[in-house]
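# Structural description and commentary
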Amino acid sequence: MSPGSLLMEDIKPSTRLNGLNPEEDSMEARLKEFCQRGLSLEEETTEQALRLFRETKDVLLANMKSLANGNAEENERFWFSCVLYSVKRLNGGNTVSKINQEDNDTGFTLSQILRVAKLNILDFFKEMPQFFLKAGSIINKLYGIDSEKRLQTKELQANFVHLTVLYKYYKRVYQDFFLSGDSTQDAVTNGSESVLSGIEPVSNYLRFGWMLFLALRIHVFSRFKDLVTCTNGLVSILAILILHVPIRCRSFSFNDSTRFVRKGGKGVDLISSLCNIYHTSEEDLLKTIDKANALIVDILKKNPYPASECHTEELKDIDTDGLTYFQDLVEESSIVSSIRILERDYEDAIHDRGELDERMFVNEEDSLFGSGSVSGGNVNITGLKRKYDAISSPTKTITSPLSPPGSPLTSPVKESSTPSKNKMPPPSTPVSTTMTTAKWLRTVITPLPAKPSSELEQFLSSCERDIKPDVIRRAQIILEAIFPSSAPVYRCVAGSLQSAALMDSIWAEQRRLEALKLYYRVLSAMCRAESQRLRSSNLTSLLTNERFHRCMLACSAELVLATHKTVTMMFPAVLERAGITAFDLSKVIESFVRHEETLPRELKRHLNSLEERLLESMAWEKGSSIYNSLIVAKPGLLPVINQLGLLAEPMPSLDTIAMHHNLTSGNLQLSTIPHKSEAIPDNNIAAPSSPQRHTPPVVSIEMAVGVSGVNNSFVSPAKDRSSAFLAFSSTKSRLQPPLQTAFASPTRPCSAGGGETCAETGINVFFQKVLKLAAIRIKGLSERLNQPIHVMEQVYRLVKCVLNQETSLFFNRHIDQVILCSYYGISKVSGLGLAFREIVAQYRKQPQCKPQVFRNVFIDWSLTNHPGKTGQDTVDIIAFYNEVFVHTMKPFLVQFAPNAAPGNHNHSSEDPDKNEGPSPGSPGPSPFPSLPDMSPKKVSAAHNVYVSPLRSSKRETLISSHSKSLYACVGESTHAYQSPSKDLTAINNRLNSSRRVSGRLNFDDAGLVSDTLVAGSLYTSQNPGNLTSDSVLSQSQSLPWTTSASPLKRRQTDR
């Protein structure tokens, strides 16, 4: 029996353990048995695991009830798995004992750990962050402060999600071209231990293609396994299969003109046809096919032949110019041995990495996908399809005729071919959506020059001095830091190591150029709009601001990374490498979207999700630049901010970034002249997201803000529209501040006047965004708890009091933590009878929920009245409520009691003498914001019937004199004193006389919720003529009221 198949419950006490010291803990004994018998680890690795477990055992025992499902046995298995995974990733030592290495060459991988522990992958990814959150300080002491980065848990999880959607995409595409079964499948699948009974065997041709794709990922794609590159790899594999799989297994014909493009009289141009169907680049696809052919030669030892010289049945009707053919590649006599060779090569490659076994997808390993816990020795695998589909199901991409003119279509078929009117296009999937977004980058951005346009050069030269060299140099250094060419190398087959490194270098160079061109394009558009408004080309105040340019570069790079869905560079990595903070980036998101009209919908959604993350927690983290503004806007917070050490460190200079990333070679010459627009100290500067400072110094306001001497005369562009969350503000709310005001020194007076500093203006806008996000989430939680509107309003008022009057409760915390505590506080004083457990249970159903939000809340015991406890720690949400929240907010909570005097709670939050004067952006509490309810609501418990609110545009149509007689409302007749039956007859007659309704429903214009429609309904009190689809970031995926659990697509139900 292989170690991978030995489950935890199968491990019995053995004679090896009889000699244990009686004092040795039974948990350590079980871990030792787990390592030695379950995984066949050598003694050294076992001792390393035992050492880490001993160090973290007290943490496990103290948090036993808060981990996983609270089951001690399951928590122990989770802890064992996390310990072993950490040891494997952080030690990088030997894996399997030499005695058993010949019998088990699968290596010490995460997949093997989970099989032995009888845990599934999805649950492991939920619990691993909790493990590091609890034991991170211990792990950092043992393995270094960069342990979390080296664990690469987030990257591994993203990689798993990518592989899930890629395999489902590959399987669907394979079934479009080939039959599902073949005569050779039994030879391999019957001998596979991972195939469970009742699962349909996988075709060996499909299995061969997946294994060849994994070889591409390991040996060619190497570090940058982004979704676009991997999709190109799958399409290249598909091309190879089309050339080699026997005709009897095909389910297509080359005579299908809607799929295949013919090239003169030479036959079908296979590469162009696949590129048109799947939105891939022909140049990239040809290169990837060449790499795959080289792997076939290196690994399978097959001899390549020009396809034009081969006369086989499979090549008939294909233009073979430039194609390669391998004889006996997937014949019945060789395909089984080819698959086994590829599997051995894959096992050797992943032997020392400790990652997931990516063969589990083609092997249909339910033990790793199964949902729920292990109970009584039985694995619950009923959730396999549900969880698998939940990750890889098609995206509900919203299409609208009012989309931006340059936005790509959501379906790859719409551009590649013209389907008949009776044929519906296939649904968009995560892969197809990614490829259409990548096509925008390839067709719109890539053709642009990699230098400032003549128009932008004119703006740069029109400043007080020519800043073009500075702009070019800065862009080179920042983008080289974000997309480095050098990378760690892994084991590869002979001869492919150099090609993998070359692939990495080419990939990084391509991404740098894309980000650079996008940066120049948007910067030019911003300068053009401002120049037209000011009637001047001198934009010195903005174009000489160092932080502004870095934010623009980071935003451009992030959009490029989001387009390619890169695993190894996940947000917020770009912030650290650019030397900025999350609060800085939030200032340019809206302007970036506004000035790039062709930005695809998916990228708008990505920026919207980033803005939501920035508002909810990232801007409140330690080292955020928001604290440098807060101490100016609210001086009373300075002692708390100093005590917690929250101030952002100085922004690192370009020279520091260049030296840190070894960017001194080539044409990047380090400058010794500091920029006038940023006062950046030269001594020992760290990135804003550097590790915690153990002894934070006491900083004055002048030291913290870094006063700059640049004259601030820049005013916002003419098209002043609020961002995604400000879209729900009333007309009295502040709009987005001028860019120069947002990036100016916090103590400088605001150029818009009003007596405010730039810090106060920026905090005003930020607070309003936070309140709108809070309103959205309070509304969603209230609907799940079935609470009336007045309770929702009270919770909102209390959250507003926290933000305006007790802002420190947000420091180092998540907005949802404040919302949960506020909800329970209102429940207590109002006698609603809601238990904290019930509130958390409904919160877990929210789309943005993360377990660490209610499991781990930051607390500084020195700021509480708790005796005997000092220092900083994390506690659960209930402990935080009892120890901190209720003591701080008690004066406010009692005023929400039913017997409190009317209006007391309003007065408390408007008190101008509270906390050193009025809070920025804190007018008196208003009623709950009017949020549009666009989500379908389920109106029947027994049936899937959903009703959407009536839109304002439809409401106007209904009451118009021309059309109101076409509609009948419940209880209201179309004519006075007329029976309902005659009403229906009259309606039918009118409809039938005006037009005939076809038997087939057409949902092309079904009235799906579009960005423009949402924006129009939100700005009813403003001028609707100034709105475009770019004015508001898409809310459909991130905002609760536009998200529905309905399996139905959003359709217009009020037609």
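Details of the structure are given in the entry above.
Calculation criteria
- Residues numbered from 1 in each chain as written.
- Predicted model: local features only at pLDDT ≥ 70, side-chain atom pairs only at ≥ 80, totals over all residues.
- Heavy atoms only, no water.
- Phe/Tyr/Trp six-rings, centres within 6.5 Å; stacked < 30°, edge-to-face > 60°.
- Helix = DSSP H or I, 4+ residues; strand = E, 2+ residues; numbered from the N terminus.
- Buried < 20%, exposed > 50% of the residue type's maximum accessible area, 1.4 Å probe, protein only.
- Salt bridge = Lys/Arg side-chain N within 4 Å of Asp/Glu carboxyl O.
- Expected span 1.5 Å × (residues − 1).
- Polar contact = N/O pair within 3.5 Å; in protein donor to acceptor, adjacent residues only side chain to side chain.
- Axes fitted to C-alpha atoms, helices over the stretch in contact; angles between N-to-C directions.
- Parallel < 35°, antiparallel > 145°, perpendicular 65-115°, else oblique.
- Left-handed = near helix turned anticlockwise from the far one by under 90°.
- Contact = heavy atoms within 4.5 Å.
- Core = buried A, V, L, I, M, F, W, Y, C linked by side-chain atoms within 4.5 Å.

## Quick look at the packing of aromatic side chains
In the structure shown here, the tally under the stated rule is 36 aromatic pairs. Relative to F767, the ring of W620 has its centre 6.4 Å away and its plane inclined at 35°; by these criteria the two rings are tilted. Of this pair, W620 sits in the loop between α27 (601-616) and α28 (626-633) while F767 sits in helix α33 (residues 758-785), and the two are 147 residues apart along the sequence. Residue W620 is classed as buried on the basis of its relative accessible area of 0%. Look at F767 and you get buried, because its relative accessible area is 0%. With a centroid separation of 5.1 Å and 80° between ring planes, the pair formed by Y824 and Y881 is classed as edge-to-face. Pair noted here: Y824 is in helix α35 (residues 815-830) and Y881 is in helix α38 (residues 877-893), with a separation of 57 residues, a long-range link.

## Observations concerning the pattern of salt bridges
With the rule as written, the count across this model stands at 30 salt bridges. Residues E358 and R217 are paired through a salt bridge, measuring 3.0 Å at the closest nitrogen-oxygen approach. Taken together, the residues span a long stretch of sequence, with E358 in the loop between α13 (335-350) and α14 (360-363) and R217 in helix α9 (residues 204-221) at a distance of 141 residues. Each member of the pair, E358 as well as R217, carries the same accessibility label: buried. Of the charged contacts, one joins R550 and E546 as a salt bridge, the two residues approaching to 2.9 Å between their closest N and O atoms. Residue R550 and its partner E546 are both found in helix α23 (residues 546-564); the two are separated by 4 residues, about one turn of the helix. Of the two residues, R550 and E546, neither departs from the other in class, the shared state being buried. Where salt bridges share partners, they join E612, E616, R777 and D816 into one cluster.

## Some remarks on helix α10 (residues 227-244)
What sets the pattern is the α-helix's 3.6 residues per turn: residues three or four places apart point alike. Given a rise of 1.5 Å per residue, 18 residues ought to cover 26 Å, and the 26 Å separating the end C-alpha atoms of α10 matches this to within 8%. Of all 18 residues in α10, 18 are buried, a share of seventy percent or more. The opening residue of α10, the one whose side-chain oxygen lies 3.2 Å from the backbone nitrogen of V228, is D226.

## Examining unusual backbone geometry
P572 follows F571 through a cis peptide bond whose omega is 15°. Following the sequence through the fold, P572 ends up in the loop between α23 and α24 (573-578). The phi angle at D328 is positive, at roughly 60°, despite the residue not being glycine. Positive phi, normally seen in glycine, also occurs at N786, with a value near 55°. Among the structural elements, N786 can be located in the loop between α33 and α34 (789-805).

## Quick notes on the packing of helix α20 (residues 468-482) against α23
Look at α20 against α23: their axes get within 10 Å of each other, and the N-to-C directions meet at 45°. Here α23 runs oblique to α20, going by the angle between their axes. Where α20 crosses over α23, the two elements pack in a sense that is right-handed. Residues V471, R474, A475, I478, L479 and I482 of α20 pack against E546, H549, R550, L553 and A557 of α23.

## What about the nonpolar core?
Counting 123 residues, the largest nonpolar core has F177, F208, W210, F213 and L274 as its most contacted members. Of all the elements, α9 adds the most residues to this core, at 13 residues. If sequence neighbours within four positions are ignored, F213 has contacts with L163, L166, F221, C230, G233, L234 and I237. Listed in part, the 70 residues of the second largest apolar core include V632, L637, L771 and F836.

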